[in-house]
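# Architecture at a glance
The lines below spell out each chain.
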Amino acid sequence: MFVALWVTLCGVTATAQTAPLLAAADEWPPFSGVDLPGQGMSLDVIHTVLTEAGYDVTTRVVPWARLMGDADIGQFDIIGSLFADPELEEYLIYSDPFFLTEVRLVQPVGETYAFTTVADLRPFSIAVGDGFLYEDEFDRATYLEKHVVTTTLQAIQMVAAGRVDLTLDSVDVVRHTITHDDPNLKDRVTFADGVLARQDIHMAIRRDVEGSQEIVDAFNATLAKMRRDGRLETLLMRHVQR
Amino acid sequence: MIATLRAIGFDNRLGLRLVIASLIVGSVLSVLSTSAQLGASYFRQRTDATLVLSRIEDTLASPLEQAVWTFNFDQVDVILDGLAADPNIAFVELQSSTGQSWTRGDPDEQAATPDDQRVYELVHKLDNNRSELVGVLDVRLSLDAVRARVWAEFWTTFLTNLAKAYIAAIALLFLVGHMVSRHLRKIADHVDNTNADNTNALRLDRAGSEKTDDLDRIVDAIDRFECRTREQMDALGNEIIDRKQAEAEARQALSIRSQFLATMSHEIRTPLNAIMGFLHLIATYKDIDDKPRVYAETATKASHQLMSLMNNSLDMSRIEADAVEIKMTPTDIHSLAKDWHQSAEGMRHMRDKNIKITLDVARDLPPLINMDASHVTQIVSNLVDNAIKFTDAGEVDIAIKNATSDGNPAIDIRVSDTGNGIPEDARARIFERFTQADSGMLRAHGGSGLGLAICSELARLMGATLTLDDRIRDGFTTVFLLRLENVALVDLPT
């Protein structure tokens, strides 16, 4: 009797998912990273939630260009660590957000700048990540003196060395970078007052994945359940410092 | 193996010498050309190697400065790794103004004494003509890799050139053997084997050509030489035939003359001896008057002169006909000397000369001497007869002594006289035929003028010498010296 029931449950699961889902995210600590616990917050949440929802999920960290490149579209079923981007909704279905992070300016210790508007940033030189999306108005503000760097660490170091006036990033990313990559920076930079943007972190699934909407719905339902019972918060705190 | 070496010409000594000379010259030229090539290669590679320093200035300094400026240390690593990948870069060090440093290579090895070194200041330009030094790049260049590569190229090129030279030399050896040496050997064999019976023309086994070369000239020259030689050999053969015929004729004439002389000798001596005998009887006959006695005595002297003249002529003929036989026999010189003295006394008596005949025989003479006593006696008699003939007062001396000639024992026989002497201008030709010191003598003393010539020839045939001694002493005016050389002194049996 027990054996027959177990076989029946497995058959239902197999009906919902015919092949393991492949979830991928780029290297963006603490949200995703090869060397992070659970490969980072996003992949850890996606894997935990979908597994609880009854899906078989495999996670992988790949470069951003490979994640979003035309030639690679179709290789990955689920994309993690995403801010909401309407342009991507054409072929991605976004889940409900599972984390909110603030984008703030970083300045050298001793400076007292406080963010008000993007236009007010005009006098400042600002280090920005190559290809990073921060906030729509800021991203479009070509009149600003932006110095493109490759990593968040570079941007913070340039601020600390006085080579640029400001940089900006997710406060969670900045904190993680300073803590893990160069703790000396902790005494040399600080966040400016004011929040440039608040960005939700989503999961997204390719529309052409079989049962994509069902998967998103199952994810959202399970996520809401975990948020209610506090497991989500516990899971998130494994990855960020608040 | 030997056949193979011979087939490609290794037994060709001329070709081998040519090839060895070619190899020596080729090797030297190979070394020189290789050295020149690789010297140029070295300078070119050194220039290329040092160009990397300029390229750093032109292409790498800016991105490196940008990477340091933006703290893009991954990019810094990539750039420095690319720089260090150059085999000529021995050491690279980058010091940033923010305290970071990077090194590539080992600073303790070649980099301590680099062939070249360049220090770049990485300056980031800011607005308002301001700039900031973001780092200092130290690059040290070592040409060890270039030198190692050039050495490897040297040996490769040198050995390749040498191998080509050797292959070319072996090919040259084969070609020289085929085109030259085998023809020279055939020419040598042809010249060796050419004789009167083998007169084949020299032809070489080679393709004909309109233009002649040195081998063609040699063949033509040998052909012409052989043609001339054959003509000269034919002429020589004819001359030999003529000469053989002339020689036969001469022998026949000589034989006829000898026969004639022998016959004449016998035919004249016999009646002459009879005449002389009867004249002697008439002269000694007691019952005749003085006048016919004087006539008989005069006729006797004339007969003796005639006999002497005929004997001399016969002797000279025998000498000329090589018919004189020398017989060396052990001879008692002491006894023979006494005979000569007695004979001389007889001559003095016959010529009615009031002179003294003396004999001086050295006491240390060996008792027996190997000599032709007959012919020595003939010479001494002739000399003594001449001495008596030309001496009217004083003495005639016969002296016999030991002597040495070139370290060998010899016997000196001197015949000296106190006569008229021989004029200085006649001494040089005294032994020539038909010669007397003064033609007036012939009339005064008679004689054929053959005596001294016969004596001289007989002495020569015996291996002796007859000379006119210039050393006049003891009052003698004429001294003849007969030196019997290489006489074998014979010891008496004990």
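Presented here is an overview of the structure given in this document.

## So, the overall build of chain B
Secondary structure summary: chain B contains 10 helices and 12 strands in total. The buried share among the 494 residues of chain B stands at 21%. In chain B, once contacts between residues fewer than 6 apart in sequence are set aside, the share between residues at least 24 apart is 68%.

## Some points on the sheet that holds strand 10 (residues 465-468) of chain B
Within a sheet, each strand pairs with its neighbour through backbone hydrogen bonds, oriented either parallel or antiparallel. All names here are of chain B. Ordered by their spatial adjacency, five strands build an open sheet running 6-8-9-11-10, and the pairing between neighbours is mixed. The strands lining the two open edges of the sheet, one partner per strand, are strand 6 (356-361) and strand 10. Pairwise comparison of adjacent strand axes, ignoring direction, gives a mean angle of 20° for this sheet. The pairing of strand 8 (residues 395-405) with strand 9 (residues 408-417) spans 10 bridges and is antiparallel. Residue pairing across strands places Ala 399 opposite Arg 414, the latter belonging to strand 9. Each of strand 6 and strand 8 touches helix 7 (residues 333-351); the most contacted strand, strand 6, lies at about 170° to it. The sheet strands contacting helix 8 (residues 373-389) are strand 8, strand 9, strand 10 and strand 11 (478-484), and the helix crosses strand 9 at an angle near 25°.

## Overview of helix 2 (residues 13-69) of chain B
Residues and elements named next belong to chain B. Between the first and last C-alpha of helix 2 there are 79 Å, a value that for 57 residues agrees with the 84 Å anticipated at 1.5 Å per step. Taken together, the buried positions of helix 2 are Gly 15, Val 19, Ser 30, Thr 34, Leu 38, Ala 49, Ile 56, Leu 64, Glu 65, Ala 67, Val 68 and Trp 69. If you follow the buried residues of helix 2, they end up packed against helix 3 (73-84), strand 1 (89-96), strand 3 (116-125), strand 4 (131-141) and helix 4 (144-193). Positive phi shows up at Phe 71, right after helix 2, with a value of about 60°.

## A closer look at helix 6 (residues 290-320) of chain B
Its 31 residues give helix 6 of chain B an end-to-end C-alpha distance of 45 Å, which sits within 8% of 45 Å, the value for a rise of 1.5 Å per residue. Phi for Asp 322 of chain B, located one or two positions after helix 6 of chain B, is positive at around 55°.

## Observations concerning the nonpolar core
Across soluble globular proteins, nonpolar side chains show a tendency to be buried alongside one another. Ranked by internal contacts, the top residues of the largest apolar core, which has 36 residues, are Ile 379, Val 380, Leu 383, Val 384, Cys 455, Ala 459 and Leu 482 of chain B. At the level of elements, helix 7, strand 7 (368-371), helix 8, strand 8, strand 9, helix 10 (451-462) and strand 11 of chain B are the ones that each hand at least two residues to this core. In contact with Ala 459 of chain B, other than residues within four places in its own chain, are Ile 379, Ala 464, Thr 465, Leu 466 and Leu 482 of chain B. Ala 23, Val 45, Ile 79 and Ala 204 of chain A belong to the second largest nonpolar core, which has 35 residues in total.

About the criteria used
By convention here, each chain's residues receive numbers from 1 onward along its written sequence. Chains carry letters from A onward and ligands carry numbers from 1 onward, assigned in written order. Reporting of local features is limited, given that this is a predicted model, to residues whose pLDDT is at least 70; pairs of side-chain atoms are given and counted only at 80 or more, and all residues count toward the totals for whole chains, interfaces and linings. For helices the rule is a DSSP run of H or I covering at least 4 residues; for strands it is a run of E covering at least 2, with both sets numbered from the N terminus onward. We call a residue exposed when 12 or fewer other C-beta atoms sit within 10 Å of its C-beta, buried when the count reaches 20 or more, and partly exposed for counts in between; the C-beta positions come from the backbone. In this description, a residue-residue contact is defined by the distance between C-beta atoms placed from the backbone, which must lie within 7 Å. Any two strands are treated as partners once DSSP identifies two or more bridges connecting them. Structural elements are reduced to axes, namely lines fitted to C-alpha atoms, with helices fitted over the stretch in contact, and the angle between N-to-C directions of any two is expressed from 0 to 180 degrees. Multiplying one less than the number of residues by 1.5 Å gives the expected span of a helix. To count as a nonpolar core, a set of buried Ala, Val, Leu, Ile, Met, Phe, Trp, Tyr and Cys residues must be joined through C-beta atoms within 7 Å.

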